[in-house]
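Given next are the chains, with one letter for each unit.
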Amino acid sequence: MAAADGGGPGLEPPRRGSAEPEPEPEPEPEPKLELELEPEPEPEPESEPELALAAELSARRSAETRQLVLSPRRLSGPLPAGLSQWFPALEVLDVSGTGLTEMGAELLSLPCLHTLLAKNNRLGGPGSLPKGLGQAPLARSLRVLNLSGNRFADVPPVVLRLRGLRSLSLGGNRLHSIPPDIQELRSLEFLYLGGNFITSIPPELAKLPSLKYLVLCDNKIQSIPPQLAQLHSLRSLSLHNNLLTYLPREILNLVHLEELSLRGNPLVVRFVRDLTYNPPSLQELAGRTVKTRNVPYTPSDLPETLVRYLSLASNCPNPKCGGVYFDSCVRQIKFVDFCGKYRLPLMHYLCSPECSSPYSSASQSSTSQSESDSEDEASVAAHRMQKVLLG
């Protein structure tokens with residue numbers, strides 16, 4: 001077929017009624033990379049007591065403030081952040097009765113603080129005291145720490161690193177023991193551990209050379225270690241309302257003691273004389289005979305074990321007796337005048353039930369001596385007993 005006139009070669013003329021060609025679509029824009037970040041959680045609103053505290057501290061902030069007492073309220077957190085900036089020269093801080101459960105790290109930023117009173121709170125759980133307390137400047141500046149009326153089951157280890165402490169109060173907590181490391185607080189002069197559940201006193205407590213006031217009342221203590229007599233600076237000893245049945249004789253060495261409280265212990269209601277006696281063995285009877293009759297012997301005459309046994313003889317404290325004992329002896333409670341003020345129940349060891357021990361006296365007049373000599377050994381007058389009760 002011949003091509004139509006006017007048409008280019010190979011091009012077909014447009015047909016009548018055919019649709020217009022569709023315009024090419026515009027390229028779609030490249031998608032933009034958008035990251036949707038999760039919104040940061042809004043801080044929880046502070047409780048009303050914390051808001052009130054913040055307002056109070058804001059109004060009282062001063063670089064010259066030396067003493068700060070927070071009014072009682074129920075706080076749910078630690079000490080407010082910024083405390084050290086608001087009060088950089090703070091020396092005395094009292095947060096008693098505020099309901100604190102932890103002190104917080106802000107405490108470590110108070111280098112001038114020497115007195116911290118935090119009694120009657122809810123301290124005692126893990127983290128109640130900041131871990132770095134023993135290494136902070138506060139460890140050297142703090143002199144008085146009162147944590148009474150809290151929930152401590154043990155003496156916090158960080159407290160035992162406060163080597164500058166002179167006064168420590170942990171009364172009314174839940175303590176069951178006194179750690180031997182208490183001896184590290186060499187500067188301690190006042191120790192209050194009353195109102196706990198303590199059952200014994202470690203001998204290490206006697207290694208506090210500066211201790212003047214020791215309060216161990218209202219516990220469950222059954223005996224006093226003889227080493228306690230090494231507290232030569234002790235002026236006051238409170239042992240009332242415990243389970244004491246006697247005191248060690250060594251307590252007579254506390255010549256500077258001015259106050260002694262023993263009321264509410266079994267030793268003031270039990271019978272004065274408590275005798276227990278196990279008959280001596282044949283070996284002890286023979287040993288007593290050798291020692292009391294001065295039978296001569298040399299190490300070559302006896303086996304080494306018997307020579308060592310004879311060297312362990314103890315003299316009977318009764319000067320009228322002159323006897324000795326080894327393993328078999330009589331435990332006897334005797335009331336002894338102490339500094340002319342108290343009648344102390346002390347433990348005596350006698351060689352036999354037939355032996356009687358006279359009263360001893362640390363410091364007494366001739367009048368009190370004659371009075372003691374005339375008393376019946378089986379009983380003590382009521383007014384003399386009261387000195388133990390009310391001591």
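Residues numbered from 1 in each chain as written. Predicted model: local features only at pLDDT ≥ 70, side-chain atom pairs only at ≥ 80, totals over all residues. Heavy atoms only, no water.

**With respect to the overall build of the protein**
- Across its full length, the protein carries 7 helices and 13 strands.
- A buried classification covers 40% of the 391 residues belonging to the protein.
- Pairs at least 24 apart in sequence give 47% of the contacts found in the protein among residues at least 6 apart.
- Roughly 22600 Å² of accessible area belongs to the protein as shown, and the carbon and sulfur atoms make up 52% of that amount. (Helix = DSSP H or I, 4+ residues; strand = E, 2+ residues; numbered from the N terminus. Buried < 20%, exposed > 50% of the residue type's maximum accessible area, 1.4 Å probe, protein only. Contact = heavy atoms within 4.5 Å. Areas by Shrake-Rupley, 256 points an atom, 1.4 Å probe, with all protein chains shown as cover.)

**What about the side chain of E284?**
- When you line up the elements, E284 lands in helix 4 (residues 282–292).
- Leaving out residues up to four positions away in the same chain, E284 has contacts with Y309, Y325, F326, D327 and S328.

**Details of the environment of P279**
- Position of P279 relative to the elements: it lies in the loop between strand 9 (259–261) and helix 4.
- Overall, the relative accessible area of 66% leaves P279 in the exposed class.
- Counting along the chain gives 48 residues from P279 to D327, while the straight-line C-alpha distance between them is 9.6 Å.

**A few points about the packing of aromatic side chains**
- Overall, the coordinates contain 3 aromatic pairs when judged by the stated rule.
- Considering the side-chain rings of F190 and Y192, the 6.5 Å spacing of their centres and the 20° angle between planes classify their relative orientation as stacked.
- Overall, the relative accessible area of 30% leaves Y192 in the partly exposed class.
- Relative to F326, the ring of Y309 lies with its centre 4.5 Å away and its plane at 10°, an arrangement referred to as stacked. You can see Y309 sitting in helix 5 (residues 304–310) and its partner F326 sitting in the loop between strand 11 (324–325) and strand 12 (330–338), a full 17 residues away along the chain.
- Residue F326 is classed as buried on the basis of its relative accessible area, which comes to 9%. (Phe/Tyr/Trp six-rings, centres within 6.5 Å; stacked < 30°, edge-to-face > 60°.)

**A short note on the confidence of the model for the protein**
- On average, residues of the protein score 76 in pLDDT, and 67% of them reach the 70 mark or higher.
- Counted against residues more than four places away or in other chains, residues 32–46, with its pLDDT under 50, gives 1 contact.
- Contacts from residues 271–275, a stretch scored under 50 in pLDDT, to residues over four places away or in other chains number 15 contacts. (pLDDT = per-residue confidence, 0-100.)

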